[in-house]
Structure formats: structure tokens, C-alpha cells
Amino acid sequence: MTEPAALVCEERRFSLPQLDALADGWAATLSKSGVTAGQRVAVMSSNRPEFLAVVQAIWRIAATAVLISSAWKRDEVDHALALTEPAHAVGDHPVLADLMPMLHLDEPIPDGDAVAGSPPVGDDAVLVFSSGTTGLPKAVRHTHASLQESVRHWREALQLTPRDRIQVATPPSHILGLLNILTALKTGASVRLHHRFDIDRVLGCIENDGITVEMAVAPIALAIASHPNLESYDLSSLRYIMWGATPVSAHVAETVTRRTGVGWLPAYGTTELPVIACNPIEGARLDSVGRPVPGVDLRIVSLDTGEPVSPGEVGEIQARAASLMAGYLPAEATHEVIHDGWYQTGDVGWIDTGGWLRITDRLKEMIKVRGFQVAPAEIETVLHSHPAVKDCAVFGIPDGTNGEAVVAAVAVSAPVDTDAVATELVAWVDEKLASYKHLSRVVFVPDIPRLPSGKVLRRVLKERYGCTSDS
């Protein structure tokens, strides 16, 4: 049996020396095109091996990669370019090519000479973009040092070894996809990269490639759980499935485990601080994102006073670590989230006496009803437990003196009598939650708008359905 390739994409296989040679070729090409140390290079690419080679090439020149989502439209890309001001561009996307001169990834690249040395550890390595669930995305600056710390944290949290095989279907322009690839290659594990997510191909690769670690965000987890022929695939090579980017939907995770025998590894991080907490490999639990990884300090502070609270009390989650971003672009936005070295995540949660962290919601997404703070995630958990609900998202709309009213957007798993199901869902929530968490309205949608990471775009839902409450 031959050693596994370092990177596999479709039928293309690359060993580490082959990846190095591809990166050297791109470094030579970028240098000839005028890229110099300290400059920023926009990269807008589909999931493909050349993406990784170009990023490594940029680093070898001691330049900075500006990673732009291939899902973005012209206005979004235009905003990213105006914010980061890259001097050069490389990729395979027509939107980027329309906005500035772009080297295309399909162009033949000559063999390049190996580039000696390493880039300075303090310089910016990448600019990645925050999710933009509220307002326009901000560019997050990660240095080589912070990125290296993130990789170290992730490798130790996942207990990766050179024997592991992981697959990545999330965009590498997003911090999670990038981190997964970099960590696997640093460890010597093999990576299966997918051009796009296809559930049958993902499941087939687990069986045929002997994948040991599957990376999942909410849409992937849901696709696995709802696959009609899931039992026909042999998934016994998996050590676990990692769930990140959004809180675990317990019924989805439990369905997968019941049908396959494979357990989950919930973890928690942000674009600004990629690895914050992770469950242990043995004894992982679905009601917590785990304990803080070694090297990351966590605290919970009061939503009212900003002072640290005791274990068991709910407040904003704050963290500090060497893996924390260097700051935002625009730079002034940095001061809104970092104070005395502590990063204000904007997530709400609590830590128990055993050190287990639980996330209840996003601070900015909390719905204020008659002075009460309502967590959308709490109501979504209740809605997900109803058999008619395939997916859902809860958000607030203006409601006069009451502050806000609670609205649920629901995608159903089969055709239903919407009036009857809406009535059922309102009663379902009323039965299980406090009266101020009452659903003012239920809207039925074909699907819930989400980012590639799985995060709900509540802003989009508010724009579409944010009329005033009828109650």
C-alpha cells in the first residue's frame, strides 16, 4: 500500500514535494508579475489545489493573501477590495477579473526555484473576512505567528497524526476551511479537497479513502442526517465528525450517531480567534462546545456591568490567546472588540464548575421583548424538535412599546398545511418556553439563508420578512 498523497482533489493527487514545486512555480510567476514583500494579493478561487499553492507562494514572497469568498457577488467583492487595497490579484473568478487585473489559476506555471527561508513571523499572513451577519464584513488580520498558534491549537485539540485522512468541502477562503487544510498538511495528514459539497461524494470518499476525520458545519450535518441511504455507506473509518461554526443541533447529531455509530466532536472558534474551545476526543458531549484549549484563556462577563461573573452565570464570552487576530480593517473597529488583550466574542454563554463552556446565543442577535433578552438559538432548539421542521431561524422585528416581537422562519421537510403547522409551532414553543418567548409569527420559507460556514443570515430574513408584528 502506497503512502497517501498530501492533497487529493477529484482525481488529482499531490505529494508534499509536488505541492512545494507548484508553490515555487507560482512564487516565481507572482514575482515576475511585480508582487513584492509587504504587498497584498487578492485571491478569489474555487476549492482547488492551486488555491493552496498560491497562498503558500504569496507567503514565500513575504506578501499577504487577501482571501475573498468565491460565493460573493460584485458589490461584496468591490467592498473587500476597497477595504484591503490589494496591489495584485490571482484566482479563477470572473467577478475579481472584472474589477482588477487578475492572474488566472488555469494559466500554465513554469517550474520555480525553491524559495529559501521563511517569511517574518510578525507580518500579516492573511486577511480573511468576518461573517458579516450584521453590516458589511470586516477584514480580519492574521499574522504568521497567530496563524501558527491556531494550527498548533487545532492539531492538539483534534489529536491529529500523520495517519489521519480528513476531507474539506467548506471554502478555504473561510477561516475554518483554511485552518483544516493548513493543520492537516503541517501534521502530515492527508487532505481530500472537494470543489463543492456533494453529500454522496463526501460519503463515498469516507468509505473509499478511509477518511478518519470529517469536518462538518450545520448544512453538512443536516445532509448526512437526512440522507435516505446513509446506512449503505461504510463510515467505520471515522474517528469522529467535528461540528463547528454553529451550535450543535442535538437531534441532527443524534440521528447521525444512531444511524452510523459515529460520534461528534463539537468545537468553537471565530474568525478573529480560530480555536477557542473543543470537546475531548473521549467523552465528547453535545450540550457543550468543550473546554478552552491549552493556550486560550476564557472568561464570562456580565452583560450589564462588564465584570467577570461566577461559574454558572450567563454573560458574554471573552478570550485571549497568542492566536488572536492582529486587528481589523477598518482599524478603528478593532477597539470595539479588544480591550486589555481580551477579545469580546459577542457570544453569550456560561461556564460550569467543571470548565465546560456552553453558548446560548449571539449578543447582537438577542431579541429584546418587554425588557427580556430572548436567545434565538433557544427557540430554534425547540422548533427543531418538531417533526415537521427541517430547518429554522428565529429573529426579532420591531414591535412598538414591546421592543421586539419574535418571528420564526421555518423550512418544512414535506408539504404541510401551513396554517395548521404554524398554530402547532406557536403552541409547541408556548408549552416549552417562557411566555415572553412566544412566537408572534411563523413564516414558511423554501430554505434558511446561511453562509458557507452554516451561520444563519438573520439580516437577510429581517429584510425579507421584517414587517411589524401583528400581535
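Here, the structure is the one placed above.
## Quick notes on the packing of helix α10 (residues 376–384) against helix α11 (residues 418–432)
Okay, so step 1: One way to put it is that α10 packs onto α11 with a least axis distance of 10 Å and a crossing angle of 120°. Here α11 runs oblique to α10, going by the angle between their axes. In this structure, α10 meets α11 at a crossing whose hand is right-handed. The residues of α11 that touch α10, namely those facing Ile379, Val382 and Leu383, are Leu425, Trp428, Val429 and Lys432.

## Examining the pattern of salt bridges
Okay, so step 1: Scanning the entire structure with this criterion turns up 21 salt bridges.
Okay, so step 2: For the salt bridge of Arg152 with Glu149, the shortest nitrogen-to-oxygen distance reads 2.8 Å. In this pair, Arg152 and Glu149 are both assigned in helix α5 (residues 144–158), 3 residues apart and thus about one turn of the helix distant.
Okay, so step 3: Its relative accessible area of 27% is what places Arg152 among the partly exposed residues.
Okay, so step 4: A salt bridge links Arg458 to Glu380, with the shortest nitrogen-to-oxygen separation between them at 2.6 Å. Taken together, the residues Arg458 in helix α12 (residues 458–465) and Glu380 in helix α10 connect sequence positions 78 residues apart. As far as burial versus exposure is concerned, Arg458 and Glu380 are alike and both buried.
Okay, so step 5: Through salt bridges with shared partners, a single network forms among Arg12, Arg48, Glu50, Asp92 and Asp106.

## Details of the sheet that holds strand β9 (residues 165–168)
Okay, so step 1: Strand order in the open sheet formed by 9 strands is β2-β1-β10-β9-β11-β12-β13-β14-β15, with mixed pairing between adjacent strands. Looking along the sheet, the strands with just one partner apiece sit at the ends: β2 (12–14) and β15 (291–292).
Okay, so step 2: Helix α1 (residues 16–32) contacts β1 (7–9) and β2 of the sheet and is inclined by roughly 95° relative to β2.
Okay, so step 3: Where α5 meets the sheet, its contacts fall on β11 (213–216), β12 (240–243), β13 (264–268) and β14 (277–278), and the angle it forms with β12 comes to roughly 140°.

## Regarding the packing of aromatic side chains
The geometry of an aromatic ring pair is captured by two quantities: the separation of the ring centres and the angle between the planes.
Okay, so step 1: The full count for this structure, using the stated rule, is 2 aromatic pairs.
Okay, so step 2: Against the face of Tyr328 rests Lys138, its NZ or CZ located 5.0 Å from the ring centre.
Okay, so step 3: One Lys or Arg, Lys432, reaches over the ring of Trp428 and ends 4.6 Å from the middle of that ring.

## Considerations on the side chain of Asp164
Okay, so step 1: Position of Asp164 among the secondary structure elements: in the loop between α5 and β9.
Okay, so step 2: A polar contact is formed between the side chain of Asp164 and the side chain of Thr212, at a distance of 2.7 Å.
Okay, so step 3: Among the polar contacts made by the side chain of Asp164, one reaches the side chain of Arg239 at a distance of 2.9 Å.

## So, helix α2 (residues 49–60)
Okay, so step 1: With 12 residues, α2 ought to run about 16 Å at 1.5 Å a step, and its terminal C-alpha atoms sit 17 Å apart, in line with that.
Okay, so step 2: Counting buried positions along α2 yields 11 of 12 residues, so the element is predominantly enclosed.
Okay, so step 3: Taken residue by residue, α2 has Pro49, Glu50, Phe51, Leu52, Ala53, Val54, Val55, Gln56, Ala57, Ile58 and Trp59 as its buried positions.
Okay, so step 4: One or two residues past the end of α2 sits Ala62, with phi positive at roughly 65°.

## Concerning the sheet that holds strand β7 (residues 124–129)
Paired through their backbone hydrogen bonds, the strands of a sheet run either parallel or antiparallel.
Okay, so step 1: With mixed pairing, the 7 strands of this open sheet are ordered in space as β6-β5-β3-β4-β7-β8-β18. Across the chains shown, the open sheet's two edge strands, defined by having one partner strand only, are β6 (103–104) and β18 (327–329).
Okay, so step 2: The sheet contact formed by β7 and strand β8 (residues 139–143) spans 5 bridges and is antiparallel. Bridge pairing in β8 places Phe129 opposite Ala139.

## Section: the nonpolar core
Okay, so step 1: Core analysis: the largest hydrophobic core is formed by 104 residues, its most contacted members being Trp26, Ile58, Leu67, Trp154 and Leu357.
Okay, so step 2: When sequence neighbours within four positions are dropped, the list of residues in contact with Ile58 reads Leu30, Val41, Val43, Ala63, Thr64 and Ala65.
Okay, so step 3: Grouped together as the second largest cluster of nonpolar side chains are 22 residues, Ile367, Val382, Leu425 and Val442 included.

## Points about empty space enclosed by the protein
Okay, so step 1: Scanning the entire structure with this criterion turns up 1 cavity of 30 Å³ or more.
Okay, so step 2: Considering only enclosed or pocket space, the largest cavity measures out at about 190 Å³ in volume.
Okay, so step 3: Lining the largest cavity are 17 residues, with Leu176, Ala245, Gly269, Thr270 and Pro274 positioned closest to its centre.
Okay, so step 4: Secondary-structure elements contributing two or more residues to the lining of the largest cavity are α6 (175–187) and β13.
Okay, so step 5: If one sorts the elements of the lining of the largest cavity by residue count, α6 sits on top with 3 residues.

## Describing the environment of Ala27
Okay, so step 1: Along the chain, Ala27 falls in helix α1.
Okay, so step 2: Here Ala27 falls in the buried class, since its relative accessible area comes to 2%.
Okay, so step 3: Between the C-alpha atoms of Ala27 and Pro294, which are 267 residues apart in sequence, the distance is 35 Å.

## Focus on the packing of α5 against α6
Okay, so step 1: Where α5 meets α6, the closest approach of the two axes is 9 Å, and the angle between their N-to-C directions is 75°. Taken together, the axes of α5 and α6 lie roughly perpendicular to each other. Together, Leu147, Ser150, Val151, Trp154 and Arg155 of α5 and Leu176, Leu179, Asn180, Leu182, Thr183, Lys186 and Thr187 of α6 make up the contact between the two elements.
Okay, so step 2: Taken together, the residues of the contact of α5 with α6 break down into 6 nonpolar, 4 polar and 2 charged.

## Side note on the environment of Thr187
Okay, so step 1: As for its placement among the helices and strands, Thr187 is situated in helix α6.
Okay, so step 2: Overall, Thr187 belongs to the buried group, its relative accessible area being 12%.
Okay, so step 3: Each residue touching Thr187, except ones within four places of it in the same chain, is listed here: Arg155, Leu160, Thr161 and Pro162.

The rules we used
Throughout this document, residue positions are counted from 1 along each chain, in the order its sequence is written. Residues qualify for local features only when their pLDDT is at least 70, as the model is predicted, and side-chain atom pairs are given and counted only at 80 or more; totals for whole chains, interfaces and linings, by contrast, use all residues. Values reported for side chains reflect all heavy atoms of the structure, with hydrogen atoms and water molecules removed beforehand. What counts as an axis is a line fitted to C-alpha atoms, over the stretch in contact for a helix, and the angles between N-to-C directions run from 0 to 180 degrees. By the criteria applied, helices consist of DSSP H or I runs no shorter than four residues and strands consist of E runs no shorter than two, each listed in order from the N terminus. Here the angle decides the label: under 35 degrees means roughly parallel, over 145 means roughly antiparallel, 65 to 115 means roughly perpendicular, and every other value means oblique. Each crossing is labelled by how the near helix is turned from the far one, with a counterclockwise turn of less than a right angle marking it left-handed and a clockwise turn marking it right-handed. Between two residues, a contact is recorded if the distance between any of their heavy atoms is within 4.5 Å. In what follows, salt bridge is the name for a side-chain nitrogen of Lys or Arg lying within 4 Å of a carboxyl oxygen of Asp or Glu. The buried label applies to any residue whose accessible area, calculated with a 1.4 Å probe on protein chains only, is under 20% of its type's maximum; exposed applies above 50%, and partly exposed to all values in between. In this description, strands pair whenever DSSP reports at least two bridges between them. The rule is short: rings of Phe, Tyr and Trp, with Trp giving its six-membered ring, pair when the centres are within 6.5 Å, and they are stacked under 30 degrees, edge-to-face over 60, tilted in between. Criterion for a charge above a ring: Arg CZ or Lys NZ at most 6 Å from the ring centre, at most 35 degrees from the ring normal. Identification of polar contacts relies on pairs of N or O atoms within 3.5 Å, with a donor-acceptor requirement for protein atoms, meaning one able to donate a hydrogen and the other able to accept it, and with residues adjacent in sequence counted only if both atoms are side-chain atoms. Each residue after the first adds 1.5 Å to the expected span of a helix. Take the buried residues of types Ala, Val, Leu, Ile, Met, Phe, Trp, Tyr and Cys, join any two whose side-chain atoms come within 4.5 Å, and each joined set is a nonpolar core. Here a cavity denotes a set of grid points, spaced 1 Å apart and computed over the protein atoms alone, in which a 1.4 Å probe fits but from which it cannot get out, and a pocket denotes an open set meeting protein on both sides within 12 Å along at least five of seven lines; residues with an atom within 4 Å of a point are reported as lining. Grid points are joined across faces, edges and corners, and a volume is the space filled by probe spheres set on the points. Residue classes follow a fixed rule: Ala, Val, Leu, Ile, Met, Phe, Trp, Tyr, Cys and Pro count as nonpolar, while Asp, Glu, Lys and Arg count as charged, and any other residue, Gly among them, counts as polar.

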